[in-house]
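# Fold and geometry: a report
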Amino acid sequence: NIPSHLPPLLNAVQWGYKDMVKLLLDAGAEVDKQAQDGRYALFVALDNEDYDMADLLLSHGANPLLTDDRGDSALDAAKPESQSTRAVHPLELGT
């Protein structure tokens, strides 16, 4: 069951459907559209430790500084103590 409160882009990010996310973004989906629960696509991708998805969203202009309803940003979801095996975190690029 896909939650109906999430915009299509966030649903695709939540489920890890990278091809669908790319299709939606190429079709003009708003990369920083906020869901009713306050989350953004980039926050969801990083919270899921889906760094390929985060790279895709960042390449389409996702803003890592936007905050959700609790005041957390995508940067908060991208904790360095993550269990990911990725050597370089995408938000560290260009800093």
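Whatever comes next refers back to the structure up there.
First things first, this report covers the structure right here in the doc. (Residues numbered from 1 in each chain as written. Predicted model: local features only at pLDDT ≥ 70, side-chain atom pairs only at ≥ 80, totals over all residues. Heavy atoms only, no water.)

The backbone of glutamate 49 sits at a positive phi, close to 55°, despite the residue not being glycine. Within the secondary structure layout, glutamate 49 lies in the loop between helix H3 (41-47) and helix H4 (51-59). With a relative accessible area of 38%, glutamate 49 lands in the partly exposed category. (Helix = DSSP H or I, 4+ residues; strand = E, 2+ residues; numbered from the N terminus. Buried < 20%, exposed > 50% of the residue type's maximum accessible area, 1.4 Å probe, protein only.)

Okay, the nonpolar core next. Among the nonpolar cores identified, the biggest contains 24 residues, and Val13, Val21, Leu25, Leu42, Leu46, Met53 and Leu57 are the most heavily contacted of them. Where this core is concerned, the elements lending two or more residues are helix H1 (8-15), helix H2 (18-26), H3, H4 and helix H5 (74-77). Per-element accounting of this core gives the leading share, 6 residues, to H3. (Core = buried A, V, L, I, M, F, W, Y, C linked by side-chain atoms within 4.5 Å.)

In this section: H4. Turning to H4, its buried residues are Tyr51, Met53, Ala54, Leu56 and Leu57. Immediately beyond the C-terminal end of H4, within one or two residues, lies glycine 61, with a positive phi of roughly 95°.

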